[in-house]
Amino acid sequence: MLNKVSIIGAGTMGAGIAQWFSQQNVEVELVDIDSIVLEQAKNNIYGSWKKLEEKAKFTKDEIETFISKLKFGPLYDSNKSLALATDSQLVIEAIVEDLDIKKNLFQALDEHCDEQTVFASNTSSLPIAALSKELSPSRKSNFIGLHFFNPATIMKLVEIIPTQDTKTELTDQLITWFRDKNKKPALCSDSPGFIVNRVARNFYGESLRILSESGHTSDNVRRVDSVLKECGGFKMGPFELMDLIGIDINYHVTQSVWDSFNKEPRFAPHLIQKQMVDAGKLGKKTNQGFYKYE
Ligand code: NAI
(Lines give C-alpha, C1' and ligand atoms only; values in the text may rest on other atoms or scores of the structure.)
Protein backbone atom coordinates (compact mmCIF):
# COMPACT_ATOMS: atom_id res chain seq x y z
CA MET A 1 0.00 0.00 0.00
CA LEU A 2 2.77 2.49 0.92
CA ASN A 3 5.77 3.13 -1.35
CA LYS A 4 6.55 6.78 -0.69
CA VAL A 5 6.26 8.66 2.61
CA SER A 6 7.26 12.18 3.69
CA ILE A 7 8.02 12.86 7.33
CA ILE A 8 8.09 16.41 8.66
CA GLY A 9 10.17 17.05 11.78
CA ALA A 10 13.52 15.27 12.17
CA GLY A 11 13.59 15.32 15.98
CA THR A 12 13.32 12.32 18.29
CA MET A 13 10.14 10.94 16.75
CA GLY A 14 10.46 11.99 13.09
CA ALA A 15 13.95 10.46 12.83
CA GLY A 16 12.81 7.19 14.41
CA ILE A 17 9.70 7.00 12.22
CA ALA A 18 11.80 7.72 9.10
CA GLN A 19 14.27 4.99 10.03
CA TRP A 20 11.50 2.48 10.62
CA PHE A 21 9.74 3.26 7.29
CA SER A 22 13.07 3.00 5.41
CA GLN A 23 13.53 -0.45 6.94
CA GLN A 24 10.19 -1.44 5.38
CA ASN A 25 11.68 -0.62 1.96
CA VAL A 26 9.54 2.45 1.60
CA GLU A 27 10.95 5.54 -0.13
CA VAL A 28 11.21 8.17 2.61
CA GLU A 29 11.98 11.87 2.73
CA LEU A 30 12.69 13.41 6.13
CA VAL A 31 12.42 17.21 6.24
CA ASP A 32 12.85 19.87 8.92
CA ILE A 33 13.24 23.64 9.25
CA ASP A 34 16.53 23.15 11.10
CA SER A 35 19.54 21.91 9.10
CA ILE A 36 21.47 21.03 12.27
CA VAL A 37 18.65 18.76 13.46
CA LEU A 38 18.60 17.12 10.01
CA GLU A 39 22.35 16.46 10.16
CA GLN A 40 22.00 14.99 13.67
CA ALA A 41 19.11 12.79 12.52
CA LYS A 42 21.19 11.52 9.59
CA ASN A 43 24.17 10.75 11.87
CA ASN A 44 21.95 8.99 14.40
CA ILE A 45 20.14 6.87 11.82
CA TYR A 46 23.35 5.90 9.99
CA GLY A 47 25.01 5.17 13.35
CA SER A 48 22.11 2.97 14.37
CA TRP A 49 22.26 1.05 11.06
CA LYS A 50 26.00 0.52 11.50
CA LYS A 51 25.37 -1.03 14.94
CA LEU A 52 22.52 -3.17 13.58
CA GLU A 53 24.82 -4.42 10.81
CA GLU A 54 27.51 -5.28 13.39
CA LYS A 55 24.91 -7.20 15.37
CA ALA A 56 23.90 -8.98 12.13
CA LYS A 57 20.32 -7.71 12.35
CA PHE A 58 20.64 -6.43 8.79
CA THR A 59 23.09 -7.25 5.99
CA LYS A 60 25.37 -4.66 4.37
CA ASP A 61 23.21 -4.82 1.22
CA GLU A 62 20.03 -4.22 3.19
CA ILE A 63 21.55 -1.19 4.90
CA GLU A 64 22.70 0.18 1.54
CA THR A 65 19.15 -0.17 0.23
CA PHE A 66 17.75 1.64 3.29
CA ILE A 67 20.29 4.44 2.83
CA SER A 68 19.39 4.80 -0.84
CA LYS A 69 15.70 5.03 0.07
CA LEU A 70 16.03 7.70 2.77
CA LYS A 71 16.49 11.33 1.69
CA PHE A 72 17.00 14.34 3.97
CA GLY A 73 16.04 17.89 3.03
CA PRO A 74 14.74 21.29 4.11
CA LEU A 75 11.01 21.81 4.61
CA TYR A 76 11.17 25.14 2.75
CA ASP A 77 13.28 26.27 -0.21
CA SER A 78 15.07 29.64 -0.42
CA ASN A 79 11.81 31.30 -1.60
CA LYS A 80 10.09 30.03 1.57
CA SER A 81 7.93 27.66 -0.49
CA LEU A 82 7.38 24.09 0.66
CA ALA A 83 10.17 21.93 -0.75
CA LEU A 84 8.86 18.44 -0.01
CA ALA A 85 7.53 16.07 -2.67
CA THR A 86 3.97 16.65 -3.80
CA ASP A 87 3.31 13.01 -4.68
CA SER A 88 3.97 11.10 -1.45
CA GLN A 89 1.18 8.72 -0.54
CA LEU A 90 1.48 9.65 3.12
CA VAL A 91 2.79 12.74 4.94
CA ILE A 92 3.46 12.27 8.64
CA GLU A 93 3.84 15.40 10.76
CA ALA A 94 6.12 15.07 13.82
CA ILE A 95 6.90 18.71 14.65
CA VAL A 96 6.55 20.70 17.86
CA GLU A 97 3.42 19.93 19.94
CA ASP A 98 1.59 23.21 19.24
CA LEU A 99 -1.91 23.28 17.77
CA ASP A 100 -1.56 26.52 15.78
CA ILE A 101 1.87 25.66 14.36
CA LYS A 102 0.66 22.22 13.29
CA LYS A 103 -2.58 23.62 11.81
CA ASN A 104 -0.68 26.23 9.77
CA LEU A 105 1.61 23.55 8.42
CA PHE A 106 -1.29 21.28 7.42
CA GLN A 107 -3.05 24.17 5.66
CA ALA A 108 0.05 24.88 3.58
CA LEU A 109 0.46 21.17 2.86
CA ASP A 110 -3.17 20.91 1.78
CA GLU A 111 -2.43 23.32 -1.10
CA HIS A 112 0.95 21.78 -1.89
CA CYS A 113 0.31 18.03 -1.95
CA ASP A 114 -1.65 15.88 -4.40
CA GLU A 115 -5.32 15.52 -3.55
CA GLN A 116 -4.99 11.83 -2.73
CA THR A 117 -2.02 12.26 -0.33
CA VAL A 118 -2.96 11.04 3.14
CA PHE A 119 -2.03 13.36 6.02
CA ALA A 120 -1.20 12.00 9.46
CA SER A 121 -0.16 13.60 12.73
CA ASN A 122 2.03 11.96 15.36
CA THR A 123 0.63 14.32 18.02
CA SER A 124 0.61 12.90 21.54
CA SER A 125 -2.31 14.88 22.83
CA LEU A 126 -3.92 17.31 20.39
CA PRO A 127 -7.36 16.46 18.96
CA ILE A 128 -6.94 15.05 15.46
CA ALA A 129 -10.23 16.66 14.36
CA ALA A 130 -8.93 20.10 15.43
CA LEU A 131 -5.87 19.61 13.21
CA SER A 132 -7.92 18.71 10.14
CA LYS A 133 -10.84 21.06 10.80
CA GLU A 134 -9.96 23.78 8.27
CA LEU A 135 -8.68 21.52 5.49
CA SER A 136 -10.45 20.76 2.21
CA PRO A 137 -13.24 18.15 2.47
CA SER A 138 -11.31 15.55 0.45
CA ARG A 139 -8.27 15.97 2.70
CA LYS A 140 -10.37 15.64 5.85
CA SER A 141 -11.42 12.21 4.69
CA ASN A 142 -7.73 11.40 4.15
CA PHE A 143 -6.58 12.65 7.55
CA ILE A 144 -5.73 10.40 10.48
CA GLY A 145 -3.73 10.28 13.71
CA LEU A 146 -0.78 7.86 13.66
CA HIS A 147 0.76 7.91 17.11
CA PHE A 148 4.11 6.11 17.26
CA PHE A 149 6.03 5.46 20.48
CA ASN A 150 9.62 6.21 21.34
CA PRO A 151 11.85 4.62 20.03
CA ALA A 152 9.72 4.20 16.92
CA THR A 153 12.00 1.55 15.43
CA ILE A 154 11.48 -0.73 18.43
CA MET A 155 8.08 0.02 19.95
CA LYS A 156 5.46 -2.04 18.18
CA LEU A 157 2.39 -0.09 19.24
CA VAL A 158 0.94 2.50 16.85
CA GLU A 159 -2.29 4.20 17.92
CA ILE A 160 -4.52 4.77 14.90
CA ILE A 161 -6.93 7.66 15.42
CA PRO A 162 -9.53 8.36 12.76
CA THR A 163 -11.81 11.40 13.04
CA GLN A 164 -15.51 11.34 12.16
CA ASP A 165 -14.50 12.44 8.63
CA THR A 166 -11.78 9.84 8.03
CA LYS A 167 -12.65 7.28 5.33
CA THR A 168 -13.23 3.90 6.94
CA GLU A 169 -11.27 2.17 4.18
CA LEU A 170 -8.20 4.31 4.96
CA THR A 171 -8.30 3.29 8.64
CA ASP A 172 -8.75 -0.37 7.67
CA GLN A 173 -5.94 -0.27 5.09
CA LEU A 174 -3.50 1.31 7.54
CA ILE A 175 -4.34 -1.19 10.29
CA THR A 176 -3.72 -4.07 7.87
CA TRP A 177 -0.50 -2.49 6.49
CA PHE A 178 1.00 -1.90 9.96
CA ARG A 179 0.04 -5.43 11.07
CA ASP A 180 1.78 -6.82 7.98
CA LYS A 181 4.88 -4.86 8.94
CA ASN A 182 4.88 -6.36 12.42
CA LYS A 183 3.61 -3.29 14.27
CA LYS A 184 0.69 -3.54 16.68
CA PRO A 185 -1.90 -0.99 15.54
CA ALA A 186 -4.55 -0.04 18.11
CA LEU A 187 -7.68 1.75 16.97
CA CYS A 188 -8.41 4.68 19.33
CA SER A 189 -11.10 7.31 19.55
CA ASP A 190 -10.11 10.94 19.09
CA SER A 191 -10.21 11.65 22.83
CA PRO A 192 -7.55 13.50 24.88
CA GLY A 193 -4.34 11.46 25.22
CA PHE A 194 -5.92 8.61 23.19
CA ILE A 195 -5.29 5.42 25.24
CA VAL A 196 -1.66 5.28 26.36
CA ASN A 197 -1.04 8.94 27.13
CA ARG A 198 -4.27 9.19 29.08
CA VAL A 199 -3.49 6.21 31.29
CA ALA A 200 0.17 7.27 31.53
CA ARG A 201 -0.71 10.68 33.03
CA ASN A 202 -1.25 9.01 36.39
CA PHE A 203 1.88 6.87 36.04
CA TYR A 204 3.90 10.11 35.86
CA GLY A 205 1.61 12.28 38.01
CA GLU A 206 1.50 9.98 41.05
CA SER A 207 5.25 9.32 40.81
CA LEU A 208 5.90 13.07 40.81
CA ARG A 209 3.62 13.50 43.82
CA ILE A 210 5.49 10.72 45.66
CA LEU A 211 8.78 12.45 44.82
CA SER A 212 7.55 15.80 46.01
CA GLU A 213 6.25 14.32 49.29
CA SER A 214 9.38 12.25 49.99
CA GLY A 215 11.88 14.83 48.71
CA HIS A 216 13.30 15.35 45.21
CA THR A 217 16.56 13.43 45.65
CA SER A 218 18.29 11.03 43.26
CA ASP A 219 17.81 8.22 45.80
CA ASN A 220 14.05 8.73 45.78
CA VAL A 221 13.99 8.93 41.97
CA ARG A 222 15.85 5.60 41.79
CA ARG A 223 13.65 4.02 44.47
CA VAL A 224 10.37 4.77 42.68
CA ASP A 225 11.79 3.59 39.34
CA SER A 226 13.13 0.34 40.81
CA VAL A 227 9.91 -0.52 42.63
CA LEU A 228 7.88 -0.08 39.47
CA LYS A 229 10.36 -2.06 37.37
CA GLU A 230 11.24 -4.85 39.77
CA CYS A 231 7.86 -5.32 41.44
CA GLY A 232 5.50 -3.75 38.90
CA GLY A 233 6.99 -5.37 35.81
CA PHE A 234 7.42 -2.09 33.91
CA LYS A 235 10.38 -2.04 31.50
CA MET A 236 11.21 1.52 32.50
CA GLY A 237 10.38 3.52 35.60
CA PRO A 238 8.39 6.78 35.30
CA PHE A 239 11.45 9.02 35.79
CA GLU A 240 13.58 7.12 33.27
CA LEU A 241 10.71 7.32 30.84
CA MET A 242 10.17 11.06 31.35
CA ASP A 243 13.90 11.57 30.72
CA LEU A 244 13.68 9.56 27.50
CA ILE A 245 10.55 11.32 26.23
CA GLY A 246 11.83 14.78 27.17
CA ILE A 247 10.55 16.58 30.28
CA ASP A 248 9.34 19.48 28.08
CA ILE A 249 7.40 17.22 25.70
CA ASN A 250 5.89 15.27 28.60
CA TYR A 251 4.96 18.51 30.39
CA HIS A 252 3.22 19.86 27.25
CA VAL A 253 1.29 16.61 26.85
CA THR A 254 0.19 16.73 30.50
CA GLN A 255 -0.97 20.33 30.11
CA SER A 256 -2.81 19.54 26.92
CA VAL A 257 -4.64 16.49 28.37
CA TRP A 258 -5.45 18.49 31.55
CA ASP A 259 -6.87 21.38 29.45
CA SER A 260 -8.91 18.98 27.33
CA PHE A 261 -10.43 17.44 30.48
CA ASN A 262 -11.41 20.91 31.76
CA LYS A 263 -8.56 20.90 34.27
CA GLU A 264 -9.61 17.78 36.15
CA PRO A 265 -7.22 17.57 39.16
CA ARG A 266 -6.22 13.95 38.42
CA PHE A 267 -4.55 15.12 35.19
CA ALA A 268 -2.88 18.27 36.61
CA PRO A 269 0.78 18.89 35.70
CA HIS A 270 3.24 18.93 38.62
CA LEU A 271 5.39 21.89 39.67
CA ILE A 272 8.51 19.69 39.46
CA GLN A 273 7.90 19.35 35.69
CA LYS A 274 7.70 23.13 35.25
CA GLN A 275 10.78 23.74 37.40
CA MET A 276 12.81 21.27 35.36
CA VAL A 277 11.67 22.77 32.05
CA ASP A 278 12.49 26.29 33.32
CA ALA A 279 15.95 25.07 34.34
CA GLY A 280 16.57 23.44 30.93
CA LYS A 281 16.79 19.98 32.52
CA LEU A 282 14.90 18.23 29.74
CA GLY A 283 16.14 14.66 30.18
CA LYS A 284 18.48 12.62 28.02
CA LYS A 285 18.58 15.18 25.21
CA THR A 286 20.20 17.77 27.51
CA ASN A 287 22.22 15.15 29.46
CA GLN A 288 20.34 16.10 32.62
CA GLY A 289 16.86 15.25 33.77
CA PHE A 290 15.87 13.14 36.76
CA TYR A 291 19.18 11.35 36.04
CA LYS A 292 22.53 12.63 34.76
CA TYR A 293 23.84 11.32 31.40
CA GLU A 294 27.34 11.44 29.93
P1 NAI B 1 11.48 17.16 18.95
O2 NAI B 1 11.54 18.45 19.67
O3 NAI B 1 12.55 16.15 19.17
O4 NAI B 1 11.41 17.43 17.36
C5 NAI B 1 10.54 18.35 16.78
C6 NAI B 1 11.15 18.78 15.45
O7 NAI B 1 10.21 19.63 14.79
C8 NAI B 1 12.45 19.59 15.59
O9 NAI B 1 13.43 18.97 14.80
C10 NAI B 1 12.11 20.97 15.05
O11 NAI B 1 13.17 21.56 14.31
C12 NAI B 1 10.93 20.67 14.15
N13 NAI B 1 10.01 21.79 14.01
C14 NAI B 1 9.57 22.63 14.96
N15 NAI B 1 8.71 23.52 14.42
C16 NAI B 1 8.61 23.21 13.11
C17 NAI B 1 7.86 23.75 12.04
N18 NAI B 1 7.07 24.80 12.18
N19 NAI B 1 7.99 23.16 10.83
C20 NAI B 1 8.80 22.10 10.67
N21 NAI B 1 9.55 21.56 11.65
C22 NAI B 1 9.43 22.11 12.85
O23 NAI B 1 10.03 16.57 19.25
P24 NAI B 1 9.55 15.04 19.27
O25 NAI B 1 9.74 14.47 20.61
O26 NAI B 1 10.09 14.34 18.09
O27 NAI B 1 7.96 15.24 19.10
C28 NAI B 1 7.40 15.53 17.84
C29 NAI B 1 5.92 15.21 17.90
O30 NAI B 1 5.76 13.83 18.25
C31 NAI B 1 5.13 16.00 18.93
O32 NAI B 1 3.86 16.23 18.44
C33 NAI B 1 5.09 15.05 20.14
O34 NAI B 1 4.00 15.29 20.98
C35 NAI B 1 4.95 13.71 19.43
N36 NAI B 1 5.40 12.52 20.15
C37 NAI B 1 6.53 12.57 20.94
C38 NAI B 1 6.94 11.42 21.61
C39 NAI B 1 8.19 11.40 22.42
O40 NAI B 1 8.42 10.39 23.12
N41 NAI B 1 9.03 12.43 22.38
C42 NAI B 1 6.18 10.16 21.51
C43 NAI B 1 5.06 10.21 20.58
C44 NAI B 1 4.69 11.38 19.97
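About the thresholds
- Residues numbered from 1 in each chain as written.
- Predicted model: local features only at pLDDT ≥ 70, side-chain atom pairs only at ≥ 80, totals over all residues.
- Heavy atoms only, no water.
- Helix = DSSP H or I, 4+ residues; strand = E, 2+ residues; numbered from the N terminus.
- Rg over C-alpha atoms; globule rule 2.2 N^0.38 Å.
- Buried < 20%, exposed > 50% of the residue type's maximum accessible area, 1.4 Å probe, protein only.
- Contact = heavy atoms within 4.5 Å.
- Areas by Shrake-Rupley, 256 points an atom, 1.4 Å probe, with all protein chains shown as cover.
- Lys, Arg positive; Asp, Glu negative; His and termini not counted.
- Charge placed at Lys NZ, Arg CZ, Asp CG, Glu CD.
- Near = heavy atom within 4 Å.
- Polar contact = N/O pair within 3.5 Å; in protein donor to acceptor, adjacent residues only side chain to side chain.
- Nonpolar A, V, L, I, M, F, W, Y, C, P; charged D, E, K, R; others polar.
- Salt bridge = Lys/Arg side-chain N within 4 Å of Asp/Glu carboxyl O.
- Axes fitted to C-alpha atoms, helices over the stretch in contact; angles between N-to-C directions.
- Parallel < 35°, antiparallel > 145°, perpendicular 65-115°, else oblique.
- Domains from an automatic or database assignment.
- Buried area = accessible area lost by both parts, 1.4 Å probe.

With that settled, consider the overall build of the protein chain. Within the protein chain, the regular secondary structure consists of 12 helices and 8 strands. Expected size for 294 residues packed as a compact globule is a radius of gyration near 19 Å; at 19 Å, the protein chain falls within 12% of this value. With the principal axes as the frame, the protein chain shows a C-alpha extent of 55 × 50 × 40 Å. Looking at the protein chain residue by residue over its 294 residues, the buried ones come to 46%. At a minimum sequence separation of 6, the contacts of the protein chain that also span at least 24 residues come to 66%. Of the roughly 14700 Å² of accessible surface on the protein chain, a fraction of 51% belongs to carbon and sulfur atoms. Each charge sign in the protein chain was given a centre, from 35 positive and 39 negative side chains, and these centres are 5 Å apart.

In the vicinity of the ligand there are 24 residues, among which Met 13, Asp 32, Glu 97, Lys 102 and Ser 124 approach most closely. Between an oxygen atom of the ligand and a main-chain N or O atom of Ile 95, the distance comes to 3.3 Å. The contact in question runs from an oxygen atom of the ligand to an N or O atom on the side chain of Asn 122, over 3.0 Å. About the coverage of the ligand: the protein hides 86% of its 840 Å² of free accessible area. Partitioning the shell around the ligand into residue classes produces 12 nonpolar, 8 polar and 4 charged.

According to the stated counting rule, one finds 13 salt bridges in the structure shown. Here Glu 54 ties to Lys 50 by a salt bridge, and the two come within 3.5 Å at their closest N and O atoms. On the criterion of helical spacing, the pair formed by Glu 54 and Lys 50 is a turn pair, its members being 4 residues apart in helix α2 (residues 35-54).

This brings us to unusual backbone geometry. Cis geometry is adopted by the peptide bond preceding Pro 151, which originates at Asn 150 and carries an omega value of -5°. Positive phi outside glycine occurs at Ala 56, with the angle close to 65°. Along the chain, Ala 56 turns up in the loop between α2 and α3 (60-69).

Attention shifts here to the packing of helix α9 (residues 218-231) against helix α10 (residues 238-245). α10 packs onto α9 with a crossing angle of 105° between their chain directions and a minimal axis gap of 7 Å. Relative to α10, α9 is oriented roughly perpendicular. For the pair α9 and α10, the contacting residues are Val 221, Val 224, Asp 225, Leu 228 and Lys 229 in the first and Pro 238, Phe 239 and Glu 240 in the second. Of the residues assigned to the contact of α9 with α10, the class counts are 5 nonpolar, no polar and 3 charged.

With that settled, the discussion passes to the domain arrangement of the protein chain. Often, the extent of an interface is quoted as the loss of accessible area upon association of its parts. The domain architecture assigned to the protein chain consists of domain 1 (4-187) and domain 2 (196-286). Of note, the centres of domain 1 and domain 2, computed from C-alpha atoms alone, are 27 Å apart. Across the boundary between the two partners, domain 1 contributes 8 residues, which contact 7 residues of domain 2. Both faces considered, domain 1 and domain 2 share a buried interface measuring about 700 Å² in area, 56% of it formed by carbon and sulfur atoms. It is Ser 124, Ser 125 and Asn 150 in domain 1 that bury the most area against domain 2; as a group they hold 50% of the surface buried on that side. Counting the contacts that link domain 1 with domain 2 gives 0 salt bridges. Applying the counting rule to domain 1 against domain 2 returns 3 residue pairs in polar contact (both at pLDDT 80 or more). Its residues placed into classes, the side of domain 1 that touches domain 2 shows 3 nonpolar, 4 polar and 1 charged.

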